[in-house]
Amino acid sequence: MLRVLAVDDEKPLLEELLYLLRSDPRVESAEGASDATQALRRVTRALESGPDGPDGIDVVFLDIHMAGLTGLDIARLLAGFARPPLIVFVTAHEGFAVQAFDLKAVDYVLKPVRPERLAEAVRRACEHLGQSAPAEEPAAPAAVPAPRRPRPEVTIADRTTEQIAVELGGVTRFVAIADIAYVEAQGDYARLHTDEGSHLVRIPLSTLEERWASRGFVRIHRRHLVALGRIDELRLDAGTTSVRVGTAELQVSRRHARALRDLLMRQATG
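I will try to describe carefully the structure that is included in this document. (Residues numbered from 1 in each chain as written. Predicted model: local features only at pLDDT ≥ 70, side-chain atom pairs only at ≥ 80, totals over all residues. Heavy atoms only, no water.)

**So, helix α3 (residues 71-79)**
Phase 1: For α3, the complete set of buried residues consists of Gly-71, Leu-72, Ile-74, Ala-75 and Leu-78. One side of α3 holds all its buried residues, which, seen down the axis, span an arc of 160 degrees.
Phase 2: Where α3 is buried, its residues meet α2 (36-49), β3 (59-62), β4 (86-91) and α4 (97-102). (Buried < 20%, exposed > 50% of the residue type's maximum accessible area, 1.4 Å probe, protein only. Helix = DSSP H or I, 4+ residues; strand = E, 2+ residues; numbered from the N terminus. Arc of directions from axis to C-beta. Contact = heavy atoms within 4.5 Å.)

Take a look at the structure:
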């Protein structure tokens, strides 16, 4: 059973998050903090009590954008302790995912929080702590009504081999793989770049490299996977290699440069 602290400076959202957490049978207790100072005081008391003490906290569900210290600042402070609580970020902003996972976050949940997505974060926290989950996952409770703002929630699933599904705020959009020009690694996430924009999905670049090799995607760098047919130019300058894909110029690592040149030459000569 988890002892949880939820931190958010928007009271309605904090109340909704606490309601969802308290409705999960795997959560023993859930307290709230409305600012960084209050959160740090509560966590300090928990750390002084020890992980098995009466004031212990197992997981902190932490917003990122708050007045004063941000959620990332709090996570960095907690990382300095010998046995800090686990961190799950709950935020409206997808752009901090890389920093969050660099801080060893267990999960990164985007607002508006869906009950089933929060239940998955709880499951992961239990798994990290070596706690067994119930035989059946708990039914997702209904959310308390709260003010809503346009906020992207991103998940990933393949519908067919031709498309990849990206869920945005409860609406699933299917993006044709043929429309993807290149993919950029961002920690445990990958950003898919198309002519219309980009989409962040939670899947490692190495997995997409394996899945999409037969579709003409090639690795050019530890951070980039490129559709071979979308490369407009190959540039060699002072011993460095880069490619132009639309308006983007991407660096090619030395280990991939020769293989990429050979592939482009074979493509050009049919």
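Having seen the model, we can carry on.
**Here we look at the pairing of strand β5 (residues 107-110)**
Phase 1: Where burial is concerned, the two faces of β5 agree: the one with Asp-107 and Val-109 and the one with Tyr-108 and Leu-110 are both buried.
Phase 2: Note: β4 against β5, four bridges, orientation parallel. The residue of β5 that forms the bridge with Val-88 is Asp-107. (Pairing = 2+ DSSP bridges.)

**Comments concerning the nonpolar core**
Phase 1: In terms of nonpolar packing, the biggest core is built from 26 residues, with Leu-5, Val-7, Val-60, Leu-62, Phe-89 and Tyr-108 touching the most fellow members.
Phase 2: Elements represented by at least two residues in this core include exactly β1 (2-7), α2, β3, α3, β4, α4 and β5.
Phase 3: In terms of nonpolar packing, the next biggest core, distinct from the first, is built from 23 residues, Leu-14, Leu-17, Val-59 and Val-106 among them. (Core = buried A, V, L, I, M, F, W, Y, C linked by side-chain atoms within 4.5 Å.)

**Focus on the layout of surface pockets**
Phase 1: Looking at the largest pocket, its volume works out to about 290 Å³.
Phase 2: In this structure, the largest pocket is lined by 15 residues; those nearest its centre are Pro-51, Ile-57, Arg-83, Pro-84 and Pro-85.
Phase 3: For the lining of the largest pocket, the per-class residue count stands at nine nonpolar, two polar and four charged. (1 Å grid on protein atoms, 1.4 Å probe; cavity = no way out; pocket = protein on both sides within 12 Å on 5 of 7 lines; lining within 4 Å. Points joined across faces, edges and corners; volume = space filled by probe spheres on them. Nonpolar A, V, L, I, M, F, W, Y, C, P; charged D, E, K, R; others polar.)

**Points about the sheet that holds strand β12 (residues 217-221)**
Phase 1: Strand order in this open sheet of five strands is β11-β10-β9-β13-β12, and the pairing throughout is antiparallel. Only two strands of the sheet have a single partner each, and these edge strands are β11 (197-201) and β12. Taken over all neighbouring pairs, the strand axes of this sheet differ in orientation by 20 degrees on average, direction set aside.
Phase 2: With six bridges joining them, strand β9 (residues 180-186) and strand β10 (residues 189-194) adopt antiparallel strand pairing. What sits directly across from Gln-186, in β10, is Tyr-189.
Phase 3: On the sheet, helix α6 (residues 205-212) packs against β9, β10, β12 and β13 (224-227) and is oriented at approximately 150 degrees with respect to β9. (Axes fitted to C-alpha atoms, helices over the stretch in contact; angles between N-to-C directions.)

**Focus on the side chain of Glu-184**
Phase 1: Here Glu-184 shows up in strand β9.
Phase 2: The class of Glu-184 is buried, set by a relative accessible area of 15%.
Phase 3: Separated by 2.5 Å, the side chains of Glu-184 and Arg-223 make a polar contact.
Phase 4: Once residues lying within four places of it in the same chain are set aside, the contact partners of Glu-184 are Tyr-189, Ala-190, Arg-191, His-193, Arg-223 and His-224. (Polar contact = N/O pair within 3.5 Å; in protein donor to acceptor, adjacent residues only side chain to side chain.)

**Details of unusual backbone geometry**
Peptide bonds are, in most cases, trans, and in most cases residues other than glycine have a negative phi.
Phase 1: Although it is not a glycine, Lys-104 sits at a positive phi angle of roughly 65 degrees.
Phase 2: Take Lys-104: it is sitting in the loop between α4 and β5.
Phase 3: The exposure class assigned to Lys-104 is exposed, which follows from its relative accessible area of 70%.
Phase 4: The phi angle at Ala-238 is positive, at roughly 50 degrees, despite the residue not being glycine.

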